[in-house]
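One-letter residues, chain by chain:
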Amino acid sequence: MLQPVAHALVQAREEVPEYVADVGGAALWARPAGRASVGFHLQHLAGVLDRLLTYARGEALSDAQLAALDSEGEPRPALTTGALVAAFEDAVDRALAQIRATDPATLLDARAVGRDRIPSTALGLLVHAAEHTQRHVGQLLVTAAVVTTPPA
């Protein structure tokens, strides 16, 4: 039942390092046309997976998760592209482990999302984690190309 979710996450895990291989230094936090930086996308990819998988387990976010959410995208020169990619890869590995351990009988169990407790299901959250990841990988690809391509 969850194989498409796993496939999307594995594909993202394989593509992200390739897309950002040439992004470093100031380019990591550059915001072309005022859009999100490569650094933001890398932080958000890992963070949103962590948060959505937490909700899929039926848990509330921790103080640490909320603090990480609040700081996503803030330029942090001490963070390297490699460290951000590694954090994303770790998040995907944890997500895949959770997917493998998910009892299919629980997929339609009700789940609440966020402070407003928006209704969802475990399955809905896992599918959303995959599609949200794919969306940001696409945005990351374009932003990485823009910040690493010399002006014509």
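Refer to the structure presented above.
Everything numeric in this text was worked out from a predicted model, so none of it was measured.

Trainee: When you look at the pairing of strand 2 (residues 118–121) in this model, what are you seeing that I'm missing?
Mentor: Across a regular strand the side chains alternate sides, sitting on one face of the sheet and then on the other. The sheet contact formed by strand 1 (residues 110–113) and strand 2 spans four bridges and is antiparallel. Following the sheet pairing, Ala112 is matched in strand 2 by Pro119. Between strand 1 and the antiparallel strand that follows it, strand 2, lie four residues; Gly114 among them carries a positive phi value of about 75°.

Trainee: How should I be thinking about the packing of helix 1 (residues 3–19) against helix 4 (residues 81–101) in this particular structure?
Mentor: Geometrically, a packed helix pair is captured by the angle between its two axes and the distance between the axes. Look at helix 1 against helix 4: their axes get within 10 Å of each other, and the N-to-C directions meet at 165°. In this view, helix 1 runs roughly antiparallel relative to helix 4, as classed from their interaxial angle. Crossing angle aside, the handedness with which helix 1 passes helix 4 is left-handed. Seen from helix 1, the contacting residues are Val5, Ala6, Leu9, Val10, Ala12, Arg13, Val16 and Pro17; seen from helix 4, they are Val85, Phe88, Glu89, Val92, Asp93, Ala95, Leu96 and Ile99. A breakdown of the residues in the contact of helix 1 with helix 4 according to their chemical character gives 13 nonpolar, no polar and three charged.

Trainee: When you look at the side chain of His132 in this model, what are you seeing that I'm missing?
Mentor: Here His132 is to be found in helix 5 (residues 122–148). Engagement of the side chain of His132 in a polar contact is seen with the side chain of His44, the distance being 2.9 Å. Here His132 is in contact with His44 and Val48, once residues within four sequence places are set aside.

Trainee: Which parts of the structure should I look at to understand the nonpolar core?
Mentor: Grouped burial of nonpolar side chains is what soluble globular proteins tend to show. Formed by 41 residues in total, the largest nonpolar core has its most connected members in Leu9, Val16, Val38, Leu42 and Leu49. Going through the elements one at a time, helix 1, helix 2 (38–56), helix 4 and helix 5 are the ones with two or more residues in this core. With ten residues, the single largest contributor to this core is helix 2. Dropping the residues within four chain positions of it, Val16 is found in contact with Leu42, Leu45, Val85, Phe88, Val137 and Leu140.

Calculation notes
- Residues numbered from 1 in each chain as written.
- Predicted model: local features only at pLDDT ≥ 70, side-chain atom pairs only at ≥ 80, totals over all residues.
- Heavy atoms only, no water.
- Pairing = 2+ DSSP bridges.
- Helix = DSSP H or I, 4+ residues; strand = E, 2+ residues; numbered from the N terminus.
- Axes fitted to C-alpha atoms, helices over the stretch in contact; angles between N-to-C directions.
- Parallel < 35°, antiparallel > 145°, perpendicular 65-115°, else oblique.
- Left-handed = near helix turned anticlockwise from the far one by under 90°.
- Contact = heavy atoms within 4.5 Å.
- Nonpolar A, V, L, I, M, F, W, Y, C, P; charged D, E, K, R; others polar.
- Polar contact = N/O pair within 3.5 Å; in protein donor to acceptor, adjacent residues only side chain to side chain.
- Core = buried A, V, L, I, M, F, W, Y, C linked by side-chain atoms within 4.5 Å.
- Buried < 20%, exposed > 50% of the residue type's maximum accessible area, 1.4 Å probe, protein only.

Geometric values such as these leave the question of function open.
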